[in-house]
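Chain by chain, the residues:
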Amino acid sequence: MAETVTLGKALNHGLRRALENDPKVIIMGEDVGKLGGVFRITDGLQKDFGEDRVIDTPLAESGIVGTAIGLAIRGYRPVCEIQFDGFVFPAFNQIVAQVSKMFYRSLGNVRLPIVIRIPYGGGIGAVEHHSESPEAYFSHTPGLKVVTCANPADAYHMIQQAISSDDPILFFEPKRRYWEKGPVELDAAPDFPLHASRLIREGTDATVLAYGPMVRTALDAASAATDDGRELEVIDLRTLSPLDMGRVYESVRKTGRCVVVHEGPGNLGLGAEIAARVTEECFYSLEAPVLRVTGFDVPYPAARVEEDYLPDLDRVLDAVDRTFGW
Amino acid sequence: MANGESEPGTDVPAGGFVQLLTPEGERVDSVTTADGVTYSVDFTDDEYRELYRDLVTVRRLDAEATALQRQGELGIWASLLGQEAAQVGSGRAMRPQDMAFPTYREHGVLYTRGIDPIMPFGLFRGVDQGGWDPVKFKFNTYTIVIGAQTLHATGYAMGITMDGKTGNADGEAVIAYFGDGATSQGDVNEAFVWSGVFHAPIVFFCQNNQYAISEPLERQTRIPLYRRAAGYGFPGVRIDGNDVLASFAVTRAALDQARQGQGPTLIEAYTYRMGAHTSSDDPTRYRIASEVESWKAKDPIARVKAFLVKQQIADDTFFGEVDDSARDLALHLRERVLAMPDPEPISMFDNVYPNGSPEVDAQREQFAAYQASFEGSVH
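Just so it is clear, the structure is predicted and the values come from calculations on it, not from any experiment.

For chain A, the count of helices and strands is twelve helices and 14 strands. Based on the C-alpha atoms only, the size of chain A along its principal axes is roughly 60 × 45 × 40 Å. For chain A, the proportion of its 326 residues judged to be buried stands at 57%.

Before going further, it helps to examine the pairing of strand β6 (residues 145-148) of chain A. All names here are of chain A. Burial along β6 is two-sided: K145 and V147 facing one way and V146 and T148 facing the other are all buried. In terms of strand pairing, β6 meets strand β7 (residues 169-174) through four bridges, oriented parallel. In the strand pairing of β7, V146 is matched with L170. Taken together, β6, helix α7 (residues 152-164) and β7 constitute a β-α-β crossover, and its handedness is right-handed. Bridge analysis of β6 against strand β12 (residues 239-241) gives two bridges, and the strand direction is antiparallel.

Here we come to the domain arrangement of chain B. By a frequent convention, interface size equals the accessible area lost on bringing the separate parts together. Its domain assignment divides chain B into domain 1 (2-338) and domain 2 (345-379). For domain 1 of chain B versus domain 2 of chain B, the separation of C-alpha centres amounts to 41 Å.

Once that is clear, we can look at the sheet that holds strand β3 (residues 54-56) of chain A. All names here are of chain A. Read from one edge to the other, the open sheet built from seven strands follows the order β3-β2-β4-β5-β7-β6-β12, with strand pairing classed as mixed. Both edges of this open sheet fall to β3 and β12, since each of them pairs with a single strand only. Shown here is a sheet whose adjacent strand axes are inclined to one another by a mean of 20°, direction ignored. Note that strand β2 (residues 25-29) and β3 share three bridges and pair parallel. When the bridges of β3 are listed, M28 appears paired with I55.

The subject of this paragraph is the interface of chain B and chain A. Across the contact, 34 residues belong to chain B and 34 residues belong to chain A. Looking at the side of chain B that touches chain A, the element that brings in the most residues is helix α6 (residues 148-162) of chain B, giving ten residues. For the side of chain B that touches chain A, the residue count by class is 17 nonpolar, twelve polar and five charged.

Now for the domain arrangement of chain A. Residue and element names in this part refer to chain A. The domain architecture assigned to chain A consists of domain 1 (3-184) and domain 2 (198-324). If you average the C-alpha positions of domain 1 and of domain 2, the two centres end up 26 Å apart. Listed by partner, the interface residues are 22 residues for domain 1 and 21 residues for domain 2. The set of elements that each furnish at least two residues to the side of domain 1 that touches domain 2 consists of α6 (135-139), β6 and β7. For the side of domain 1 that touches domain 2, the element with the highest residue contribution is β6, accounting for four residues.

All names here are of chain B. In the predicted model, chain B carries a mean pLDDT of 95, and the fraction of residues at 70 or more is 97%. Note on residues 1-9: pLDDT under 50 across the span, and 18 contacts to partners over four residues away in sequence or across chains. Confidence metrics for the complex model read pTM 0.96 and ipTM 0.96.

Relative to the elements of secondary structure, F43 of chain B occurs in the loop between β2 (38-40) and α1 (45-70). A sequence separation of 202 residues divides F43 of chain B from L245 of chain B, and the C-alpha atoms of the two residues are 9.4 Å apart.

The rules behind the values
- Residues numbered from 1 in each chain as written.
- Chains lettered and ligands numbered in written order.
- Predicted model: local features only at pLDDT ≥ 70, side-chain atom pairs only at ≥ 80, totals over all residues.
- Helix = DSSP H or I, 4+ residues; strand = E, 2+ residues; numbered from the N terminus.
- Buried ≥ 20, exposed ≤ 12 C-beta atoms within 10 Å, placed from the backbone.
- Pairing = 2+ DSSP bridges.
- Right-handed = clockwise from strand over helix to strand, strands pointing away.
- Domains from an automatic or database assignment.
- Axes fitted to C-alpha atoms, helices over the stretch in contact; angles between N-to-C directions.
- Contact = placed C-beta atoms within 7 Å.
- Nonpolar A, V, L, I, M, F, W, Y, C, P; charged D, E, K, R; others polar.
- pLDDT = per-residue confidence, 0-100.

Pasting the structure below:
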């Protein structure tokens, strides 16, 4: 029986389930205990699982990830919360130089089953450092896996799958979608792989690829496109490293057109890699170049203009139009 | 004398340090610090002789590694020359259940853990990245980014507490190694904060060898490093890092405190890097010969030898035998290093992820096919 819950609450349920299922799972971060996190994703967990398993840490991101490494060597499965996207950078070295390389360095002897949760993306009217999309930095780093959820059901299952995986995983949460509701089968086991993209709307005229907060935007654009008589196929990428491109190629070979959408800056973003791969694999099927709809190559702007920075329905449709103009 | 303090004008740093064996080989029975803690050792003659053997052996192995590097057999070597006492003393102070988190210079600690000295040579020869099983050996992989391992050590120590493995004599403890330069790193300061806050069973063992490559201690700190501990809420002790007895006594006491649940300690081992930072470095550009000479007089091995002779614990037959067996071990090590096979290029795709990755798998296949395309061709 599916319950209707918000994406944030689905994550909370998923974390609770992970804590129940494995005594080695611990949660650590700033304000995750009594407060339940600034977004309340860990609400109530410390009360039920104790201060040793839901740990309010000192205010030091490198420390959160660095000590998680030691705890993982000791046999724990730490789930680290980075409070906001723009605060992950003090931990950058520990993530890209240590977490990512320990398995490789140790010739496979050290597994670091660490999940690093990062609320990311804009659209919440915040000040600097609270609206960024740093997923490309981590996707560029071998040894890390990167995933992102876009709806409550995926949030619930993917967080549990990420925690039970022995790979180190960056788990990006679309913070502006925390309050969006959807059905979740709380008693069901995950029925879809963690590292797989998913076709979420079938169409024939163009393929739109999106992930995280932009999935909703892509679906809205697809709905609007029907007014122009166009059927857009939408794929939720879900896994950013590794990318799961098989489904994408299949779709593009069918539609002949491809638009990639993400909030982060376009320059060397996920869209660039995806466009390169689609071009390589679907060259003879393409009717137009792969187009990108992304944040601009500027620092994330002030909140009053962020709606103009963020890709929206109109920009997605504009790009689709342009693929038809080639 | 409080904190082993000596009179100004001697070679003891202001504020003193714990010293149980003078550079002349005189034993100091015990030292009581300003904090009221008394340090001493109670070794049998055999144990003194074995400490001497350790010191000579790790120096000899280190010399062999330096030679191998000069002969082009190692890409680089980070010599421990001058720091033997700090490493052997603290390494021997560990109990079997204790866990060490080294930098890339702790070959002496590695040796005292009973680990095959060949282990780090894969890293320095360039045939791997320094891989072994840290849990099996209770000795983490070498960490090259300065100070990063102190946080790993802290997390591991927190795990010990969470496992309920402190509070008695059989408890576990962690020792984190780092240098004077590392104390400027944010990670080391975060490790201090976390260890203090979580009362972690950890000993921070700082080998202050006076230089971070070319930069002298004055570029890292305005106060003696051991005094920083007070700001984080745990004790700091400075030892004569060239005195293996002080290194043993203070580290043993600090580890035992930690395993009992008494929290962290910072030990500053005041020593000197007699050689270059690594084989790629030229220390004559930034320090004067007379300084190096003055530290030669405080050599960590010569003082133990002097002590053994004075106490008639060992004679020339023993010293000759130790030298011979250290040389044999070094030559054997050399042979084994030279016999290390280069890895197969395709192995670079191994161990990227525990669960693998289709992207890495695809690249491995492409690479294999590319390599196969040269088969049978003549260059």
